[in-house]
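Residue-level listing of the chains:
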Amino acid sequence: MPLLSMTVNGAAVTAEIDIRMLLVDFLREELRLTGTHVGCDTSQCGACTVHMDGEAVKACAVLAVQAEGARILTIEGVGTLAQLHPMQEAFREHHGLQCGFCTPGMIMAGIDISRRHGTELEVATVRSELEGNICRCTGYHNIVTAIISGARAMGDASATSHAAE
Amino acid sequence: MFSFNYHRPESLEAALALASAGEDARLLAGGQTLIPTLKQRLASPSDLIDLAGVPALRDIVREADVLRIGAMVRHADVAASKVVREAIPALAELAGLIGDPAVRHRGTLGGSIANNDPSADYPAALLALDATVETDRRHIAAEDFFLGLFETALEPGEIVTAVAFPVGARGAYEKFPNPASRYAMAGVFVARGEGRVRVAVTGAAQGGVFRWSEAEAALETDFTVEALVGLALPAHDMIADIHGTGAYRAHLAAVMARRAVERLLGEVG
């Protein structure tokens, strides 16, 4: 069994794994980071979205060995219970969820959308960018509102942190 | 998933050696099709050769009248590339329509064309733009590369290194995505060069991507939407499944062709 090393949520991890293990299973079963969900398992629903070297990817379509040496960020790593990430806070405030199963992937996608499109987002941009994330409760309205608001808050937060520097 | 050996070579030479050594080795590019295929046990390669460690395959280079994109360049990189946007804007736009953002962060040009899925987007661009597929051993014209459903001219162990797109023709790609999967139900790339028009259709036909020569001839005579009126594709050659009949896809392809022509006519210049 190969020895795998990567950084997950800022911490170096090493494990012996089966070569066939998917990244999503490595995160959930080996590291017990169960915030990353398995929804469709066919790369369509986006519940397994994590960031790999700073970009959103579907962890069910990546082998854990492909992430050797990579930097992985999961929902557990974006904020803390004491201080939620601005995108998490926006989902809470705008109730960007119904059952909540798709929420971790939506938040990871939302942060990625803001990274690529900036902190001032149009509704149409968010809706088209979310095509790889499926909410089976079909509650997209609040999710879109939350992502727009969260992106703006991310901009404010980074402006504040720059001002503080 | 069946078991396999995994390799991540750091040079093309090492990858080639592995590809010819394995009894049933498969190359792994972005993995956005191959990994799901392995998960469903639809393939059982003895060895997976991950090309992610070969840096030479990741360049986008503009040389005078050719735009060369490395096989491991990801869809997101093509979509965002300033070089591509300036040379062949329609190509960047097409890349930005593949799958979804997370898939575009992994999927690659080489992986897409080597797989030759009948519903993939890139093959239409290669065929319409008269691109050349470069491998470790030869250059293959796009025309000769796509042989049919999931079939290409690649020989066992042959590795796509880059695709060279001639710069000069203006192109437009119009795609009708399946509402659920986002794969093309029909996608049409129209390229207009000096006195030449090429029309390539993907997503619709059973045999994969193809050139619609009737439409090309009509548009070469008269580059207007009206020139396409009355032209029809044979419905019996089209994919018929739960998402649509052959006649529906034939009609859709004609509509996408008209939209692409409209787009080209609407552009300034």
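Bear in mind the structure is a predicted one, so any value in this text is a computation, not a measurement.

**Student:** Looking at this model, I keep getting lost on the overall build of chain A. Mind explaining?
**Tutor:** Counting its regular elements, chain A contains five helices and five strands. Counted from the first residue to the last, chain A has its helices and strands arranged as β-β-α-β-β-β-α-α-α-α. In terms of C-alpha radius of gyration, chain A reaches 16 Å, essentially the compact-globule figure of 15 Å for 165 residues. In terms of overall dimensions, chain A has C-alpha extents of about 45 × 40 × 25 Å along its principal axes. By the burial criterion, 50% of the 165 residues in chain A qualify as buried. Here chain A has roughly 7500 Å² of accessible surface; of this, 52% comes from carbon and sulfur atoms. Charge-centre separation for chain A: the mean point of 11 positive side chains lies 5 Å from the mean point of 19 negative side chains.

**Student:** I would appreciate a short explanation of the packing of helix 2 (residues 86-93) of chain A against helix 3 (residues 103-117) of chain A in the present structure.
**Tutor:** A packed helix pair is summarised by two numbers, namely the angle formed by the two axes and the spacing between the axes. Residues and elements named next belong to chain A. Interhelical geometry of helix 2 versus helix 3 gives an angle of 125° and a closest axis separation of 9 Å. It follows that helix 2 is oblique to helix 3 by the angle criterion. As for how helix 2 packs across helix 3, the hand of that crossing is right-handed. Every residue of helix 3 that contacts helix 2 at Met 87, Gln 88 and Phe 91 is listed here: Thr 103, Met 106, Ile 107, Gly 110 and Ile 111.

**Student:** Sorry if this is basic, but what is going on with the side chain of Glu158(B) here?
**Tutor:** All names here are of chain B. Topologically, Glu 158 is positioned in the loop between strand 9 (151-152) and strand 10 (160-166). Residue Glu 158 is classed as buried on the basis of its relative accessible area, which comes to 3%. At 2.8 Å, the side chain of Glu 158 and the backbone nitrogen of Glu 155 are in polar contact. Apart from residues lying up to four places away in sequence, Glu 158 is in contact with Leu 27, Thr 135, Asp 136, Arg 137, Arg 138, Ile 140 and Ala 153.

**Student:** Explain the pairing of strand 2 (residues 25-28) of chain B here, please?
**Tutor:** Walk down a regular strand and you will see the side chains alternate between the two sheet faces. Residue and element names in this part refer to chain B. Where strand 2 and strand 3 (residues 47-50) come together, four bridges link them in parallel fashion. Across the sheet, Leu 28 pairs through a bridge with Asp 50, a residue of strand 3. Following the chain from strand 2 across helix 2 (residues 34-39) to the adjacent parallel strand 3, one finds a crossover that is right-handed.

**Student:** Sorry if this is basic, but what is going on with the sheet that holds strand 4 (residues 60-63) of chain B here?
**Tutor:** Pairing between the strands of a sheet is mediated by backbone hydrogen bonds and can be parallel or antiparallel. All names here are of chain B. With antiparallel pairing, the five strands of this open sheet are ordered in space as 4-5-10-6-7. Looking at the sheet topology across the chains shown, the edges are occupied by strand 4 and strand 7 (139-141). The mean angle between the axes of side-by-side strands here comes to 20°, regardless of whether they run parallel or antiparallel. The pairing of strand 4 with strand 5 (residues 66-70) spans four bridges and is classified as antiparallel. Each residue of the ladder has a partner; that of Glu 63, found in strand 5, is Val 66.

**Student:** What is the right way to read empty space enclosed by the protein from this model?
**Tutor:** With a probe scaled to a water molecule rolled over the atoms, the places where space remains empty come into view. Tallying each qualifying case throughout the model produces one cavity of 30 Å³ or more. Those elements giving two or more residues to the lining of the largest cavity turn out to be strand 4 (55-58) and helix 3 of chain A together with helix 6 (101-104) of chain B. Of the residues contributing to the lining of the largest cavity, the split by class is five nonpolar, three polar and five charged.

**Student:** Teacher, can you tell me more about the interface of chain A and chain B here?
**Tutor:** How big an interface is tends to be reported as the loss of accessible area on association of its parts. Contacts between the two partners involve 24 residues from chain A, matched on the other side by 28 residues from chain B. For the chain A and chain B pair, buried surface summed over both sides reaches about 2100 Å², with 53% attributable to carbon and sulfur atoms. It is Arg20(A), Gln66(A) and Glu131(A) in chain A that bury the most area against chain B; as a group they hold 30% of the surface buried on that side. For the salt bridge of Arg74(B) with Glu55(A), the shortest nitrogen-to-oxygen distance reads 2.6 Å.

**Student:** What's the story with the side chain of Ser114(A) in this structure? I'm lost.
**Tutor:** Among the structural elements, Ser114(A) can be located in helix 3. Apart from the residues within four sequence positions on either side, Ser114(A) is in contact with Thr119(A), Ala151(A) and Met154(A).

**Student:** Mind showing me how you'd approach the pattern of salt bridges here?
**Tutor:** Here the idea is simple: oppositely charged side chains can pair when their charged atoms come close. All chains considered together, the criterion is met by 27 salt bridges over all chains. The partner of Asp18(A) in a salt bridge is Arg20(A), with the nearest N and O atoms 3.2 Å apart. Between Arg182(B) and Glu131(A) there is a salt bridge, and its shortest N-O distance comes to 2.8 Å. With Arg182(B) in the loop between strand 11 (170-177) and strand 12 (184-192) and Glu131(A) in the loop between helix 4 (123-129) and helix 5 (140-164), this pair bridges two chains.

**Student:** What is the right way to look at the packing of aromatic side chains in this model?
**Tutor:** Geometrically, a pair of aromatic rings is defined through the distance of the ring centres and the angle of the planes. All names here are of chain B. For the structure on display, the rule yields two aromatic pairs over all chains. Judged by centre distance (5.0 Å) and plane angle (90°), the ring pair of Phe 145 and Phe 146 falls under edge-to-face. When its relative accessible area of 0% is taken as the criterion, Phe 145 is described as buried. Above the face of the Phe 2 ring, Arg 41 is positioned so that its terminal group lies 4.2 Å from the ring centre. One residue, Arg 192, lies across the ring of Phe 223, its end atom 4.0 Å from the ring centre.

**Student:** Help me understand the sheet that holds strand 1 (residues 5-7) of chain B, please; the structure alone is not making it clear to me.
**Tutor:** Residues and elements named next belong to chain B. Judged by pairing direction, the sheet is parallel, and its three strands sit side by side in the order 1-3-2 without closing on themselves. Here the strands that pair on one side only, and so sit at the sheet edges, are strand 1 and strand 2. Pairwise comparison of adjacent strand axes, ignoring direction, gives a mean angle of 20° for this sheet. Running at roughly 165° to strand 3, helix 1 (residues 12-21) makes contact with strand 1, strand 2 and strand 3 of the sheet.

Definitions and cut-offs
Here the residue numbering is sequential within each chain, running from 1 through the sequence in written order. Written order decides the labels, with chains lettered from A and ligands numbered from 1. Side-chain atom pairs in this predicted model are given and counted only at pLDDT of 80 or more, local residue features only at pLDDT of at least 70, and totals for whole chains, interfaces and linings cover all residues. Each side-chain value is derived from all of the structure's non-hydrogen atoms; neither hydrogens nor water enter the calculation. Only DSSP runs of H or I covering at least 4 residues are called helices, and only runs of E covering at least 2 are called strands; the numbering of each starts at the N terminus. With the radius of gyration taken over C-alpha atoms, the globule rule is written as 2.2 Å times the number of residues to the power 0.38. Exposure classes here rest on a 1.4 Å probe applied to the protein chains alone. A residue is buried below 20% of its type maximum, exposed above 50%, and partly exposed in between. Every accessible area reported is derived by Shrake-Rupley at a probe size of 1.4 Å, with residue values counting cover from the shown protein chains alone. Counted as positive: Lys and Arg. Counted as negative: Asp and Glu. His and the chain ends are not counted at all. Think of each charge as sitting on NZ of Lys, CZ of Arg, CG of Asp or CD of Glu. Axis angles are defined between N-to-C directions and span 0 to 180 degrees, where every axis is a line fitted to C-alpha atoms and, for a helix, only to the segment in contact. An angle below 35 degrees is read as roughly parallel, one above 145 as roughly antiparallel, one from 65 to 115 as roughly perpendicular, and any other as oblique. By definition, any crossing whose near helix is turned counterclockwise from its far helix by less than a right angle is left-handed, and any crossing with a clockwise turn is right-handed. We call two residues in contact when some of their heavy atoms are within 4.5 Å. Distance and chemistry together define a polar contact, namely a pair of N or O atoms within 3.5 Å, with one atom able to donate a hydrogen and the other to accept it when in protein, and with adjacent residues in sequence counting only for side-chain atoms on both sides. One requirement defines pairing of two strands: DSSP has to find at least two bridges between them. Here is how to tell: hold the view so the strands point away, follow the path from the first strand over the helix to the second, and if it runs clockwise the crossover is right-handed. Using a 1 Å grid laid over the protein atoms alone, points where a 1.4 Å probe fits but cannot get out form a cavity; open sets with protein on both sides within 12 Å along at least 5 of 7 lines form a pocket; any residue with an atom within 4 Å of a point counts as lining. Grid points are joined across faces, edges and corners, and a volume is the space filled by probe spheres set on the points. Amino acids outside the nonpolar list (Ala, Val, Leu, Ile, Met, Phe, Trp, Tyr, Cys, Pro) and the charged list (Asp, Glu, Lys, Arg) are all regarded as polar, and Gly is one of them. By convention, the term buried area covers the 1.4 Å-probe accessible surface removed from two parts as they join, with the contributions of both added. For salt bridges, the criterion is a side-chain nitrogen of Lys or Arg within 4 Å of an Asp or Glu carboxyl oxygen. Stacked, tilted and edge-to-face pairs are distinguished by plane angle, under 30 degrees for stacked and over 60 for edge-to-face with tilted covering the rest, among Phe, Tyr and Trp rings (Trp via its six-membered ring) whose centres lie within 6.5 Å. Two limits define a charge over a ring: the Lys NZ or Arg CZ must be within 6 Å of the ring centre, and within 35 degrees of the ring normal.

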